[in-house]
Every structure is written in C-alpha cells, then in structure tokens.
Amino acid sequence: MNSGRKPPTALLPSDRADATVEVLLPLPLYGTFEYRAGDGGPLSGGRFVQVPLGNRQAIGAVWGAGSESVAGDKLKTITRAFDAPPLPPVSRRFIEWVAAYTVHPPGAVLRMAMSVPAALTPPSPNAAVTMASDPPDIRWTAERRRVVEAAEGLPRPAAELARTAGVGPGVVAGLVKAGVLVQTALPAGVIEAPDPDRPGVALTPSQAAAAGALRDAARRGYSVNVLDGVAGSGKTEVYFEAVAETLRQGRQALVLLPEIALGAQWLDRFRLRFGAEPAEWHSELGHGYRRRTWRAVAEGAAPVVVGARSALFLPFPNLGLIVVDEEHDTSFKQEDGVAYNARDMAVVRARLGDIPAVLVSATPSLETIVNAQAGRYHRIHLPDRHGTAASPPIEVVDLRRDRPPRGGWLSPPLRAALAETVGRQTQALLFLNRRGYAPLTLCRACGHRIQCPNCTTWLVEHRLLARLQCHHCGHSQPIPVVCPNCRASDSLAGCGPGVERLADEVASLLPDARLALATSDTLTGPAAATELVRRMEAHEIDVVVGTQIVAKGYHFPLLTLVGVVDADLGLSGGDLRAAERTWQLLVQVAGRAGRAAHPGRVILQTHMPEHPVIAALAGGDREAFLAAETSARRSAGLPPFGRLAALIVSDRIEANADRAARLLARQAPQHAGVRVLGPAPAPLAVLRGRHRRRLLVMATKEVAVPALVRRWLEATPLPRSVRIQVDVDPYSFL
C-alpha cells in the first residue's frame, strides 16, 4: 500500500507488461495500492479496473503511475480493465479535494463516485414499453391516462414509466395486456434530449433580466451566482434559462434538490419547458435505473441530471453548470459516513471544472449572504411574486392569551380561520415539524418514559402504525398494553402533539373536511409525492397536515391558509443556527399561501411573540433579522466568521469512549486562534448502541482546520474499537 498522493494523470507513461500503477479502492483506507499493469496495454488515469485484494477481487480506479519501488514480480497483476469511460480528471481532483477537506480517506469518497459498480459492464438491451401505433379503445381511468401521457417520447422500462406516472406497476402491465402499450427493446443509456429552444413561460421584466444574467454566466467560466427571490417569484423558470444555455453549448447540467418529494412539480415544469425528462438520481430509484443513469452520465449521454446531494459525485465528463435549489436546506448536509455539505462542495466542483454555479433560495444561508456581500458571489434578486400574487400577511397568535381548548393544539383564531377557509372552498396547510402522534409516551401511574433501547432518546408514538419508533436508529416496537416499569394497565399516555394527533383534532373540528398527512412517513417516494400534488391540484384535499417536507417548493393555487402550530419548536437548544433555521423554515412554509389568484393568510402560534425571529416574520423585516444574526455570529467568532470542526468519539463500551476522548483532549493542538472544547457526553449520548463523546474545535477563519485535525488524529493512536467521526463545518450538535 502506498500512502503518497499523486495528481491524477491522463495517460500513464509506460505500456510495458511489468509497468506498475497505483489503484485507489473504494475503501475507508488512506493511500493507494500498487499493481502490475499486465498485458492489457497502457492504462489511462481514472480507468476502472478489477484487482486481487487478499483472497477476493475488488474494483477500483487507476490513480497514477506506480512508484516501481517494489519489485514487479512481488506485485499482483490487474485482473481486468472495464469497458467503461474512465473517471474524468476533474472528478479525481474533486475526490482528492473532498477527502482532504472532510478529513476522510479518498477511498471513502471514491465509493460515492462509483456507487453502482454494475454500470461498469456494458449493459444489454433492456425490456421497455412504448405506445402502440394503433391502440384499442378501452375503459379509461385517471391512472391509465397519466401512464399514456408519461409514455410519450422514447420507450422506457415499465417500472420507470409507472414511477413517473405515479401509479403501481399493475396499471402499466394492464395497459400492455390491453394492447395500449407494447413491449420493445431499449438500448441502455438512451435518454431523450431536452430542447433548449422550446418556448418557456412568459417572463416578467425582472425575471427576464435575471435570466439574462444567468445565461451570460453560463457562457463564461467559474462564477457563483445567488438567485435570491421571494417565494413564488419564479426562480425555477429563471434558472431553467441557464440550463437551456448550457445545453446549447453541448454541455451537461446538474440540478440538486434537497428533497425527493420536491421533484414532483419540478419535473412537470421541466417537461413543460424542455419537452423531455431529465435523468434522475436519488436513493428511491431502482437499481436498474441507477445503473443506466450512471452509465449515461459517464458517457455524456445524460444532458440534464436532477438529483439529491449524492448526484454531485456522478462522473460528468462535460459538466457545464451546477444549480443548487433551496441552497439553504439542511438536507444538503450529509452527517453519516463522509460528512460534507453538498452546497459548499458544489461550489468547489464548479471551481475545479471552471464552470458556473447557481445557488437558489428565498431564504439564503448566512454563509451565502456574507459571501455575496463580500463580492465573492454575484447576487441576482427577484423581489416580487410572479403575476398578480402578493406575499401573504403574517399574523401572530400569542398562545399565552389565545389558548387552545383543553386537550387541543389549535388556538381559537386558527380554528376560526381554518373553518372559514374550508367553507369558501379553498385549501389550508397546518404545519408542525413533528412526525407521528406524540413525541413522548409517559406512564401516568409511575412517570416512566419509554426510551429507545439503542439511543438516549424517547420513542415516538405512531398511532396509525400502532407502534413506537426511534427516528434515529430505526428501532420499532408495538405500543405496550401495560407500563413496562410498573405494569399498570391503561396508564400510558402520549405527551405533546405530532401531525397524526393534529389531524385527529382537525377531523373533530371539521368532520366533513378532506384531510391528508404529508410527512416522510407518508410521502415515501416520488410516486407518493406526485399523487399528493395531483390530489391537491384536483381539490380532493381541503386540509393538509404536514412537516417540513411540504414547507418548500410546492405551488398549490388553491392553498390560501398556512397555520404554523408551534412556531417556537426550533428555537430551543444549543444549535448555533437555531434562529436562522427557524426563520428560513417559517418563511418557506408561509410562502406556500396565496401563490395564485386567491389571496393568502399565514397564522403563527407562539409562546414567544417577542422573539427576534417571530418579530422579524411578523414585520416582514428580513434585513433586520439578518443584521442581528450576523452581528451575533461575528462577535462570537462563529461561522461564517469562524471555523468549527466536531469530533465524535464512540465505542460500544462507555469506559473505552471516555478514555479515548480524554486522550484526544490531552493531545489537542496548541495553536494560536484555536480552542478545543470537551470532551463531553453528546446530547445523544448513546446512538445505535454506541456511547458518544464530543470535542469541538473552534478556530479563526485563518486556521486550516482540516489539516490541523488530520495531524491531531495521526498523533493520537486509539484502540481499533473506537470510532472517530470528523465533521468539518458541523450543522448538527447531537
């Protein structure tokens, strides 16, 4: 194994059979492995190869010429080179950069870039379906019509067609049996090309000016452009013009979305603008689709990709634009495995590829705002909603005065507004960022609280499933009949509201209202999100009760009332971004109201109407809130005016975790401008059965924190049972 890093090379210098190459494997190990090239001829840098590793075979990528410091006859020979496009040089530089910044092995980052190893083998034609040339007349249903609409264009696999149409596979199979669809062969990797010159929606003068600025950026090299517009200002249609300009140049475009569910209406808008679908990339897709998409991206045959944060690591050979929609969203932060922020890494990927990046949000992060104020980013502002829609007024209900009735969670003003909204045949959204029925189950006899056996957290009651669940490790168990502590019967009670409990209250208040729940438990994939959109647009729903999954991105013309049940929920705790996150989330959810012809109304329930976040929302004074938040962060030396890195030490044995954490603290770097806090038990002191201790590095902006942390860890030998999770620029402090 060779731990020396080499810059990626295009073509290795020797074609001798005994020449050696360095191969990076997708393993959490530092360094590369040296192999003999064998008789396959010269291997280009980035070429995917299969190599012997111990008593098994592994797949990796050629990373550079071998050092030839080891005698060739002592090295193993590469087993095979795959007939697949090599990992582009810019992708290899990106992998190296991300690994260095996040203090993780390059192999762990490579694993994200080659997440579908089956795609390295050239695929055979896949069974697909397409419209029959002369389809018979059958009994049509809404689901069948959606399938036929989605079947226009190129043939596609049946499962993919069903997912796009938001139906079950049986609907597609039925249309095949009826002769409306016919089976055919689909050459793998074929993706219908979007038409950049297809007319889009008419833009207002301010939208046209913003679109022109983004088109200009798409013609040049690296830049970061912040598209900052109020909710409903048409930001998506504006950045579509940058995508169109990128396509005209024959280059690929990547759009990152924070939530899979957001893609439902986004895909409709994309089809309307470009007459075709983009390639998708997220965890809910089937293996076959991901295999074809990865290969199409690598071959340059996927002009536009829309995906979750992991799409950033796809092997684009000709990427010309990156758009990060809802750039402020915390879903872009990955905390398990390699901890990274996709928004920040998108900017790095754009710089390495000398291409533009566009950061889009109605509530940009403070980091983005500060970069724009400093001139590092170019800000493009859309101050008004599209068309005649106006931003809704925000009313604050002080729960200390307007208390909900006993056993309820909706105040009299919100109850009255809800009844009025349903009565005039428009729609309402009640927002509460708590899944399930109740966040805590308590025994009224002995006070026992039911806790997760693997984590220091309470189990959440999900009454619809009749189970208690942990939202951290996934543990699930039936709701007990008796208290597990005192064995009392009928003594367990749910404490506090979740969305299920809120829906029960609405059903009691408005028994004829048509309700829907929208959470990550109910919107389990794109098909479920598509169905929710369809039902809302068809006015089959009067009141939707949801979590943050419906707080952003959606456009429902009949939605006129947004009620925030607990506006204080995110304001407690030690999270340095608590105020900013709450402000962003509430602005986003408020932006769902009154986006079309019907005026909107927003009601915030709070116990703290004097809190700066609530006051800023009520007064519509964004600049005052941001100025206060900026001043507080600057005076405390917190991001974006300082640097943070978290080290989480864990072990299944608590004493081992404590010893390792104390050892790290004793070896902590003594450096000007650096403070190390801890160790201390993490707020989630036990997670998935591992005891956790935290140390926090606080540093000035001038300190190279990743390099400092790397040297610190290298100088501190720890037992193999101990895990160290490094999180540079942490968002969560659990």
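Not measured: the values here are computed from a predicted model.

Caption draft 1: Inspection of the overall build of the protein chain at higher detail. For the protein chain, the helix and strand inventory stands at 19 helices and 31 strands. Relative to its length of 734 residues, the protein chain is compact, with a C-alpha radius of gyration of 27 Å against a globular reference of 27 Å. Counting the 734 residues in the protein chain, one finds 54% classified as buried. Nonlocal contacts in the protein chain, meaning residues at least 24 apart in sequence, comprise 76% of its contacts between residues at least 6 apart. For the protein chain, the accessible area works out to roughly 30200 Å², and carbon and sulfur atoms hold 52% of it. Seen as two clouds, the 83 positive and the 69 negative side-chain charges of the protein chain have centres 5 Å apart.

Caption draft 2: Representation of helix 2 (residues 106–113) within the structure. Of all eight residues that make up helix 2, seven are buried, and the element is covered over most of its length. Within the span of helix 2, buried status applies to Pro106, Gly107, Ala108, Val109, Leu110, Met112 and Ala113. Buried residues along helix 2 sit in contact with strand 1 (20–24), strand 4 (56–65), helix 1 (89–102), helix 9 (287–298), strand 13 (333–334) and strand 14 (340–341).

Caption draft 3: Representation of the packing of helix 3 (residues 142–150) against helix 5 (residues 169–178). Two elements in contact, helix 3 and helix 5, have axes separated by 10 Å at closest approach and are oriented at 75 degrees. Taken together, helix 3 and helix 5 sit at an angle that is classed as roughly perpendicular. Residues Glu143, Arg144 and Val147 of helix 3 pack against Val171, Val172 and Leu175 of helix 5.

Caption draft 4: A look at the pairing of strand 18 (residues 427–431). Burial analysis of strand 18 places five of its five residues in the buried class, which makes it a mostly covered element. Alignment of strand 18 against strand 26 (residues 559–564), held across five bridges, turns out to be parallel. Across the sheet, the residue bridging to Ala428 is Leu561, located in strand 26. Two elements, strand 18 and strand 25 (residues 543–546), share four bridges in a ladder whose sense is parallel.

Caption draft 5: Just the environment of Val297, in detail. Mapped onto the secondary structure, Val297 falls in helix 9. The spacing of Val297 and Pro315 is 18 residues in sequence and 6.5 Å in space, taken between C-alpha atoms. Leaving out residues up to four positions away in the same chain, Val297 has contacts with Gln252, Ala302, Val305, Leu314, Pro315, Phe316 and Pro317.

Caption draft 6: Quick look at the pattern of salt bridges. Summed over the entire model, instances satisfying the criterion amount to 34 salt bridges. Residue Glu540 pairs with Arg535 through a salt bridge whose shortest N-O separation is 4.0 Å. Residues joined in a network through salt bridges with shared partners are Arg146, Glu531, Arg534, Arg535 and Glu540.

Caption draft 7: Spotlight on the environment of Val306. With respect to the helices, strands and loops of the structure, Val306 is situated in strand 11 (residues 304–307). Between the alpha carbons of Val306 and Arg295 there is a distance of 15 Å; along the sequence they are eleven residues apart. Not counting residues up to four positions away in its chain, the partners in contact with Val306 are Val255, Leu257, Trp266, Leu267, Pro278, Ala279, Glu280 and Trp281.

Caption draft 8: The arrangement of the sheet that holds strand 17 (residues 394–398) in detail. Strand order across the open sheet formed by six strands is 17-27-26-18-25-24, with parallel pairing between neighbours. The open sheet has two edge strands with one neighbour each: strand 17 and strand 24 (515–518). Neighbouring strand axes in the sheet, compared pairwise and without regard to direction, differ in orientation by 20 degrees on average.

Caption draft 9: How the structure looks around the sheet that holds strand 31 (residues 723–728). A sheet is described by the order of its strands in space; here four strands give the open sequence 29-30-28-31, paired in antiparallel fashion. Of all strands in the sheet, those with a lone pairing partner are strand 29 (674–687) and strand 31, marking the two edges. Averaged over neighbouring strand pairs, the angle between their axes works out to 20 degrees when direction is ignored. With eight bridges joining them, strand 29 and strand 30 (residues 690–700) adopt antiparallel strand pairing. Residue pairing across strands places Leu687 opposite Arg690, the latter belonging to strand 30. Sitting on the sheet, helix 19 (residues 705–714) touches strand 28 (642–651), strand 29, strand 30 and strand 31, and the angle it makes with strand 28 is about 30 degrees.

Caption draft 10: The arrangement of the side chain of Thr293 in detail. One can find Thr293 in helix 9. Aside from chain neighbours lying at most four places away, what touches Thr293 is Ala279, Glu280 and Trp281.

Caption draft 11: Representation of the nonpolar core within the structure. With 79 residues, the main nonpolar core has Leu254, Leu256, Val305, Leu312, Phe313 and Ile322 as its most contacted residues. In terms of residue count, the dominant contributor to this core is helix 10 (residues 342–353) (seven residues). Once residues lying within four places of it in the same chain are set aside, the contact partners of Ile322 are Leu254, Leu312, Ala346, Arg349, Ala350, Ile355, Pro356, Ala357 and Val358. By size, the runner-up hydrophobic cluster in this structure holds 41 residues, among which are Ile369, Val544, Tyr554 and Phe641.

Caption draft 12: Region of interest: the pairing of strand 25. Here strand 25 shows no split at all, with Val543 and Val545 on one side and Val544 and Gly546 on the other all buried. In this sheet, strand 25 lies alongside strand 24 in parallel orientation, the contact comprising four bridges. Across the sheet, the residue bridging to Leu515 is Val543, located in strand 25. Following the backbone out of strand 24, through helix 14 (residues 526–537) and into the adjacent parallel strand 25, one traces a crossover that is right-handed.

Definitions and limits used
Residues numbered from 1 in each chain as written. Predicted model: local features only at pLDDT ≥ 70, side-chain atom pairs only at ≥ 80, totals over all residues. Heavy atoms only, no water. Helix = DSSP H or I, 4+ residues; strand = E, 2+ residues; numbered from the N terminus. Rg over C-alpha atoms; globule rule 2.2 N^0.38 Å. Buried < 20%, exposed > 50% of the residue type's maximum accessible area, 1.4 Å probe, protein only. Contact = heavy atoms within 4.5 Å. Areas by Shrake-Rupley, 256 points an atom, 1.4 Å probe, with all protein chains shown as cover. Lys, Arg positive; Asp, Glu negative; His and termini not counted. Charge placed at Lys NZ, Arg CZ, Asp CG, Glu CD. Axes fitted to C-alpha atoms, helices over the stretch in contact; angles between N-to-C directions. Parallel < 35°, antiparallel > 145°, perpendicular 65-115°, else oblique. Pairing = 2+ DSSP bridges. Salt bridge = Lys/Arg side-chain N within 4 Å of Asp/Glu carboxyl O. Core = buried A, V, L, I, M, F, W, Y, C linked by side-chain atoms within 4.5 Å. Right-handed = clockwise from strand over helix to strand, strands pointing away.

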